[in-house]
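The lines below spell out each chain.
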Amino acid sequence: MKIIIDTTENVAKRAAQLYVDLLSRNPQAVLGGATGSTPIPLYKELIKLNKEGVISFKDAKSFNLDEYVGLEGTHDQSYRYFMNDNLFNHIDIKMENTHVPSGIDISEPEKYDAEIQAAGGIDMQLLGIGVDGHIGFNEPGTPWDSLTHVVELEQNTREVNARFFNSIDEVPTHAVTMGIKTVMNARSIILIATGSSKAEIVKKFIEGPVTTEVPASILQLHPFVTVFLDHEAAALLEKQA
Ligand code: PGA
């Protein structure tokens, strides 16, 4: 794993540079998207670079990590809505080339993996990390060989996400998420963690053992992972890059 530690602002800028590099090498790249608070500064940067003509998404494709079960894409807390609102509506990607798992038709979730494969596989997957080590909605205990599947959300994850809803009762109980294997199949991975609330889990997934109890720890075994941390998230690491 390559670890990059910088200010919160520079983390977004430096991560954006990886998109510039990839898309200038391969304009048809397949991008793996993530939701949450963490990627928003990066998405703002990508929008800016797109408007300045530095980067184009017009031939790119994207596959998002996850979606809440039961929310239509028009629901303002669905991850489809989030992606349209925070990125896709503001860049030159073709909407038909953007994919978010359906939270409504969940009959055959592993079909999503077949779609990813048919598109040539993901060139660069973006990840955030939950305070419990989850990536996508792969909570502790998720098997390493999991493909896209439906999960019951941990109470803690629902509580953390309740801030976006009127009350915790409105937070869906289930989600559909790429599996750990789906993520590990990506040719390269970027994980971004910012803020002091992530410091403990950052130390665990980078310096601790590879264990299903810390889903992100599997990334230690992937050959092309870049982890971007701000100083707060990196505070507990033994080795400061
Ligand atoms: P956050 O979520 O970016 O809102 O902290 C990260 C995650 O749960 O994967």
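For the structure, check the block above.
What you see is a predicted model; the values in this text were computed from it and never measured. (Residues numbered from 1 in each chain as written. Predicted model: local features only at pLDDT ≥ 70, side-chain atom pairs only at ≥ 80, totals over all residues. Heavy atoms only, no water.)

## Some words on the site of the ligand
Next up, step 1: All residues adjacent to the ligand are Gly36, Ser37, Thr38, Gly128, Ile129, Gly130, His134, Arg163 and Lys198.
Next up, step 2: Interatomic distance of 2.6 Å between a side-chain N/O atom of Lys198 and an oxygen atom of the ligand.
Next up, step 3: For the ligand, whose accessible area on its own is 280 Å², the fraction buried by protein is 79%.
Next up, step 4: Tallied by class, residues from the shell around the ligand come to 1 nonpolar, 6 polar and 2 charged. (Near = heavy atom within 4 Å. Polar contact = N/O pair within 3.5 Å; in protein donor to acceptor, adjacent residues only side chain to side chain. Areas by Shrake-Rupley, 256 points an atom, 1.4 Å probe, with all protein chains shown as cover. Nonpolar A, V, L, I, M, F, W, Y, C, P; charged D, E, K, R; others polar.)

## Focus on the packing of aromatic side chains
Next up, step 1: For the structure on display, the rule yields 5 aromatic pairs.
Next up, step 2: Note on Phe63 and Tyr112: the rings are 5.7 Å apart at their centroids and 75° apart in plane angle, and the pair reads as edge-to-face. Here Tyr112 lies in helix H4 (residues 111–118) and Phe63 lies in strand S3 (residues 61–64), a separation of 49 residues in the sequence.
Next up, step 3: Ring centres 4.8 Å apart and planes at 45° place the aromatic pair Tyr68 and Tyr79 in the tilted group. Note that Tyr68 is positioned in strand S4 (residues 66–68) and Tyr79 in helix H3 (residues 79–86), a separation of 11 residues in sequence.
Next up, step 4: Look at Tyr79 and you get buried, because its relative accessible area is 11%. (Phe/Tyr/Trp six-rings, centres within 6.5 Å; stacked < 30°, edge-to-face > 60°. Helix = DSSP H or I, 4+ residues; strand = E, 2+ residues; numbered from the N terminus. Buried < 20%, exposed > 50% of the residue type's maximum accessible area, 1.4 Å probe, protein only.)

## Thoughts on the nonpolar core
Next up, step 1: Grouped together as the largest cluster of nonpolar side chains are 61 residues, with contacts concentrated most on Phe205 and Leu229.
Next up, step 2: If one sorts the elements of this core by residue count, helix H1 (residues 8–25) sits on top with 7 residues.
Next up, step 3: Setting aside anything within four residues of it in sequence, one finds Phe205 in contact with Met1, Ile129, Leu191, Val214, Ala216, Ser217, Leu219, Gln220 and Val227.
Next up, step 4: Membership of the second largest hydrophobic core comes to 10 residues, among which are Leu71, Ala162, Phe165 and Val171. (Core = buried A, V, L, I, M, F, W, Y, C linked by side-chain atoms within 4.5 Å. Contact = heavy atoms within 4.5 Å.)

Take it as geometry only, folks, not as evidence of what the structure does.
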